[in-house]
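Survey of secondary and tertiary structure
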Amino acid sequence: MLMSMFLGVADIVGTQILLIPVPGPRELTESTMVLIVFGALAYAQIRRAHIRVELFYFQMPPRIRATMDVITDLAAIAFFSLILSEAFSEARYSLQIGEATDGLIRFPLWPARFVLAAGCALVILQLILHLFHDFIRIKTGEGLKNDPLGVLQKDE
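Let us look at the structure shown here. The shown structure was predicted, so the numbers you read here are calculated from the model rather than taken from an experiment. (Residues numbered from 1 in each chain as written. Predicted model: local features only at pLDDT ≥ 70, side-chain atom pairs only at ≥ 80, totals over all residues. Heavy atoms only, no water.)

1. Here's the deal with the packing of aromatic side chains
Threshold: Two rings belonging to Phe, Tyr or Trp (six-membered ring only in the last case) form a pair when the distance between their centres is within 6.5 Å. Interplanar angles under 30 degrees mark stacking, angles over 60 mark edge-to-face geometry, and anything in between is tilted. Counting from the N terminus, the helices are DSSP H or I runs at least four residues long and the strands are E runs at least two residues long. Only protein chains enter the accessibility calculation, which uses a 1.4 Å probe; a residue is then buried when its area is under 20% of its type maximum, exposed when over 50%, and partly exposed in between.
Taken as a whole and judged by the stated rule, the model has four aromatic pairs. With 6.1 Å between their ring centres and 75° between their planes, phenylalanine 88 and phenylalanine 114 make a pair best called edge-to-face. Of this pair, phenylalanine 88 sits in helix H4 (residues 62-97) while phenylalanine 114 sits in helix H5 (residues 110-140); the two residues are 26 residues apart in sequence, bridging distant segments of the chain. When its relative accessible area of 41% is taken as the criterion, phenylalanine 88 is described as partly exposed. Judged by relative accessible area, which is 26%, phenylalanine 114 ranks as partly exposed. A connected cluster of aromatic rings, assembled from ring pairs, spans Phe88, Trp110 and Phe114.

2. Description of a nonpolar patch on the surface
Cut-off, in case you're wondering: Patches in this entry comprise residues that are over 30% relatively accessible and not in a salt bridge; like charges within 9 Å are linked, as are nonpolar side chains (Val, Leu, Ile, Met, Phe, Trp, Tyr) within 5 Å. Note on areas: Shrake-Rupley, 1.4 Å probe, and residue coverage restricted to the protein chains presented here. The salt bridge criterion pairs a side-chain nitrogen of Lys or Arg with a carboxyl oxygen of Asp or Glu, the two atoms within 4 Å.
A grouping of Leu2, Met5, Phe6, Val9, Val13, Ile17, Leu18 and Ile20 is seen on the molecular surface, where their side chains present a nonpolar patch of about 810 Å² in accessible area. Tracing the backbone through its elements, the reader meets leucine 2 in helix H1 (residues 2-16).

3. Digging into the pattern of salt bridges
Summed over the entire model, instances satisfying the criterion amount to five salt bridges. In this structure, arginine 137 and aspartate 69 form a salt bridge, with 2.9 Å as the shortest nitrogen-oxygen distance. On the criterion of sequence distance, the pair formed by arginine 137 in helix H5 and aspartate 69 in helix H4 is long-range, its members being 68 residues apart. Looking at arginine 137, the relative accessible area reads 1%, which means it is buried. Through salt bridges with shared partners, a single ionic network connects Arg48, Asp69, Asp134 and Arg137.

4. Comments concerning the nonpolar core
To keep it simple, the criterion reads: We define the nonpolar core as a collection of buried residues of types Ala, Val, Leu, Ile, Met, Phe, Trp, Tyr and Cys that are connected through side-chain atoms lying within 4.5 Å of one another. Whether two residues touch is decided by their heavy atoms; if any such pair falls within 4.5 Å, the residues are in contact.
By size, the foremost hydrophobic cluster in this structure holds 17 residues, and its most contacted members are Phe38, Phe80, Leu116, Val123 and Leu127. Of the residues forming this core, the biggest block, eight residues, is contributed by H5. Dropping the residues within four chain positions of it, leucine 116 is found in contact with Val34, Phe38, Ile83 and Ala87.

5. Some details on H5
Which entries qualify depends on this criterion: Helix span is expected to be 1.5 Å times the residue number reduced by one.
Between its terminal C-alpha atoms H5 stretches 45 Å, which fits the 45 Å expected from 31 residues at 1.5 Å a residue. Following H5 by one or two positions, glycine 141 adopts a phi angle in the positive range, close to 80°.

6. Section: H4
Taking 1.5 Å as the rise per residue, H4 with 36 residues should run 52 Å; its terminal C-alpha atoms sit 51 Å apart, in good agreement. The set of residues buried in H4 consists of Pro62, Arg65, Ala66, Asp69, Val70, Asp73, Ala76, Ile77, Phe80, Ala87, Ala91 and Ser94. The positive-phi residue at the C-terminal boundary of H4 is glycine 98, with phi of around 65°.

Printed below as a string of structure tokens:
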């Protein structure tokens, strides 16, 4: 992300002040954004840091929260599986035709497409791990470790 920022600043300074544009910052930034976004998805899932409506979530007992997490895990697995299927198909096609950006410097697009597919696959793997953990939480009644209502809180 830092590299994209420096490229953007160099392009603006080069174009507006020095009247010498930097070739290719838009194309490179487009490809690195895929890495930034889809690389961070799996990390956010590991930490369970995705956005959720906590207004009702933390009002429920731990078993109900675990059930809500199972439903969310299943929906997310279905969603990211659809994205993975299409992303992998598009990545193979992009590699096959040698797809590249338009511009002064032609960057190949297939690496970013494979990164997108790999990011989705990692998110799905983490969701499957959380799904098993959430089923265990339903059975035991334990809360999450980062639960603000208490570590490993049990139903009463």
